[in-house]
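Results of the structural survey
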Amino acid sequence: MACNSKGKVKINNKVEITNDVRKVNANDGADNTFIFTPNEGCQLEQVSIDGLDVTLSVVDNKLTTRVHDNSKMIVTFSKLNADVNGDGHVNINDVVTLVNIILGL
């Protein structure tokens with residue numbers, strides 16, 4: 001499993017992975033529950049298992065699916081798209097920053 005530093009993944013309510021690439025124990029061939037928790041100002045961007053993008057199967061930052069011991073999951077978190085000024089919050093300051101960018105200020 002690989003996960004970048006903008007969030008963490010909890011597997012079957014036991015193992016948490018963040019900013020890490022390592023082998024984790026999942027229930028081989030059985031349903032496993034993955035909970036994706038983005039850091040403040042971030043969002044879940046993509047989840048792939050064995051090269052297949054399964055992001056659309058994630059509901060409320062949770063995915064229950066069957067995996068095998070040799071399955072490879074890659075989880076990518078990114079900054080919130082609307083956080084224009086990069087302060088970790090989406091608010092009126094982002095609108096002001098965007099207007100300033102458009103006006104060339």
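What counts and how
Numbers given to residues run from 1 along each chain, matching the order in which its sequence is written. Residue-level local features of this predicted model are given only where pLDDT is at least 70; pairs of side-chain atoms are given and counted only at 80 or more, and the full residue set underlies all totals for whole chains, interfaces and linings. The basis for the side-chain values is all heavy atoms of the structure; hydrogens and waters are excluded. In this analysis, a patch consists of residues with relative accessible area above 30% that form no salt bridge, clustered at 9 Å for like charges and at 5 Å for the nonpolar side chains Val, Leu, Ile, Met, Phe, Trp and Tyr. Note on areas: these come from Shrake-Rupley sampling with a 1.4 Å probe, and a residue is covered only by the protein chains present in the view. Just to be clear on terms, a salt bridge is a Lys or Arg side-chain nitrogen sitting within 4 Å of an Asp or Glu carboxyl oxygen. Secondary structure is summarised from DSSP: a helix means a run of H or I of at least four residues, a strand means a run of E of at least two, and numbering begins at the N terminus for each. Remark: exposure states derive from per-residue accessible area (1.4 Å probe, protein chains only) relative to the maximum for the residue type, with buried under 20%, exposed over 50%, and partly exposed in between. Only buried residues count toward a nonpolar core. Its members are Ala, Val, Leu, Ile, Met, Phe, Trp, Tyr and Cys residues joined through side-chain atoms within 4.5 Å. Whether two residues touch is decided by their heavy atoms; if any such pair falls within 4.5 Å, the residues are in contact. What makes two strands pair is DSSP finding at least two bridges between them. The span expected for a helix works out to 1.5 Å for each residue beyond the first. Side-chain atoms alone can form a polar contact between residues adjacent in sequence; in general such a contact is a pair of N or O atoms within 3.5 Å, and within protein one must be able to donate a hydrogen while the other accepts it.

The next thing to look at is a nonpolar patch on the surface. On the surface, a cluster of nonpolar side chains totalling about 980 Å² of accessible area is made up of Val84, Ile92, Val95, Val96, Leu98, Val99, Ile101, Ile102, Leu103 and Leu105. The residue leucine 103 is located in helix H1 (residues 92–103) in this model. Using a relative accessible area of 58% as the deciding quantity, one classes leucine 103 as exposed.

With 17 residues, the main nonpolar core has Phe36, Val47, Leu63, Met73 and Val75 as its most contacted residues. When contributions to this core are tallied by element, the ones reaching two or more residues are strand S2 (7–11), strand S5 (31–38), strand S6 (42–49) and strand S9 (73–79). Contacts of valine 47, omitting those with residues within four sequence positions, involve Phe36, Leu52, Asp53, Val54, Thr55, Val58, Leu63, Met73, Ile74 and Val75.

This paragraph deals with the pairing of S6. Here S6 pairs with S9 via seven bridges, running antiparallel. Across the sheet, residue isoleucine 49 finds its bridge partner in S9, namely methionine 73. Pairing of S6 with strand S7 (residues 52–53), which is carried by two bridges, proceeds in the antiparallel orientation. Residue pairing for S7: isoleucine 49 is matched across the bridge by leucine 52. The loop that links S6 with its antiparallel partner S7 comprises two residues; one of these, aspartate 50, has a positive phi angle of about 50 degrees.

The terminal C-alpha atoms of H1 lie 17 Å apart, and with 12 residues this matches the ideal 16 Å at 1.5 Å per residue to within 8%. Its side-chain oxygen at 3.0 Å from the backbone nitrogen of asparagine 93, asparagine 91 defines the N-terminal cap of H1. Glycine 104 sits one or two positions beyond H1 and adopts a positive phi of about 75 degrees.

With that settled, consider unusual backbone geometry. Glycine aside, the phi torsion of most residues is negative, and most peptide linkages are trans. The phi dihedral of asparagine 13 falls on the positive side, at around 60 degrees, and the residue is not glycine. Inspection of the secondary structure assignment puts asparagine 13 in the loop between S2 and strand S3 (15–17). Of note in the backbone geometry, aspartate 50 takes a positive phi value of approximately 50 degrees without being a glycine. Of note, aspartate 50 is situated in the loop between S6 and S7.

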